[in-house]
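One letter stands for each residue in the lines below.
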Amino acid sequence: MKKILIVDGGPRRNMNTAALCDAFEEGARGVSPEIGVERVRLYDLPPFRGCISCLACKLKGRETGLCAVRDSLADTLRAANGADGLAIASPIYFSEWTAMTRAFLERLVFPWLSYETFSCSAPKKMPLAWIYTMNAPESMMPGIRQHLSILEGAVARALGDPAPAFVEAHSTVQVKDYSRYAMDGLDPAAHLAWREAHWDADLAAARAAGRAMAEKALAAKR
Ligand SMILES: Cc1cc2nc3c(=O)[nH]c(=O)nc-3n(C[C@H](O)[C@H](O)[C@H](O)COP(=O)(O)O)c2cc1C
């Protein structure tokens, strides 16, 4: 059995990010009964924090690659380190991940980073996928990517995936009924039209990325 972990860092259960996670999961599960998918919704966990700089992960002889803090995120970090594929999903908030996704990433990556060699290496190699949803159109992605790329690159290098998958849904529909909200500056009609034209393709891209990850996980040496 190969395990794929989807970490959903979006706070809303039934909106854009969750839907792409559903599609990714469907794609992965469809490949083989040998693929198991675990889903963690970070906002459903009891409150946790980002890295608290305890530096326990840097104690000589105790560098396990795993965050030492035993709180509600510990099981998810353990699962991420032991998975056969990792998908990290987040809506874009202020050009970055949500706060809980950022907290998860700090505690995932800092234990992988050596302050002796400055290499960043996870204990186990696995394929990686990023799933993002955002108000911004595709044309704004290069600016947003500047905020994401340092950590994205560190995770990819650490996991040994030279070509992680990126699933990005742009110009998402942020609320079900725009008429109830003071949001006219967003041009709701344009978002609704974009969704009509592109959402099925976004879901298909998420399904394809899930399939591809499952195939890579199955192809990896046991
Ligand atoms: C606090 C907050 C900050 C946001 N910042 C951005 C942003 O910087 N860029 C962007 O494109 N969208 C931004 N958005 C919009 C969300 O990324 C977008 O609506 C996303 O699809 C929501 O995902 P969800 O439907 O899964 O909750 C922001 C939304 C919120 C609530």
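Residues numbered from 1 in each chain as written. Predicted model: local features only at pLDDT ≥ 70, side-chain atom pairs only at ≥ 80, totals over all residues. Heavy atoms only, no water.

> Whenever I open this one, the layout of surface pockets confuses me. Can you help?
A probe matching the size of a water molecule, rolled over the atoms, marks out where space remains unfilled. Put simply, the largest pocket is a space of about 340 Å³. Considering the residues around the largest pocket, the lining is formed by 20 residues, among which Pro 91, Ile 92, Tyr 93, Met 134 and Gln 174 are closest to the centre. For the lining of the largest pocket, the element with the highest residue contribution is helix H1 (residues 16-31), accounting for three residues. Residues that form the lining of the largest pocket fall into these classes: 11 nonpolar, eight polar and one charged. (1 Å grid on protein atoms, 1.4 Å probe; cavity = no way out; pocket = protein on both sides within 12 Å on 5 of 7 lines; lining within 4 Å. Points joined across faces, edges and corners; volume = space filled by probe spheres on them. Helix = DSSP H or I, 4+ residues; strand = E, 2+ residues; numbered from the N terminus. Nonpolar A, V, L, I, M, F, W, Y, C, P; charged D, E, K, R; others polar.)

> Hey, could you run me through the pairing of strand S5 (residues 165-169) in this one?
Every regular strand shows the same layout, with side chains that alternate between the two sheet faces. Both strand S4 (residues 128-133) and S5 contribute to a ladder of five bridges, which runs parallel. In the strand pairing of S5, Trp 130 is matched with Phe 166. One crossover worth recording links S4 to the parallel S5 by way of helix H4 (residues 141-159), and it is right-handed. (Pairing = 2+ DSSP bridges. Right-handed = clockwise from strand over helix to strand, strands pointing away.)

> It is not clear to me how H4 should be interpreted in this structure. Could you clarify?
Three- or four-residue spacings in an α-helix give side chains the same orientation, since the helix completes a turn every 3.6 residues. A bend of about 55° at Leu 148 is the largest found in H4. Here H4 has its buried residues at Met 141, Ile 144, Leu 148, Leu 151, Glu 152, Ala 154, Val 155, Ala 156, Ala 158 and Leu 159. Taken together, the buried residues of H4 touch strand S3 (85-91), helix H3 (99-109), S4 and S5. Among the residues trailing H4, Gly 160 stands out with phi positive, at a value near 75°. (Bend = angle between axes of the 7 residues up to and from the residue. Buried < 20%, exposed > 50% of the residue type's maximum accessible area, 1.4 Å probe, protein only. Contact = heavy atoms within 4.5 Å.)

Honestly, that's just the spatial picture; any functional story needs more than this.
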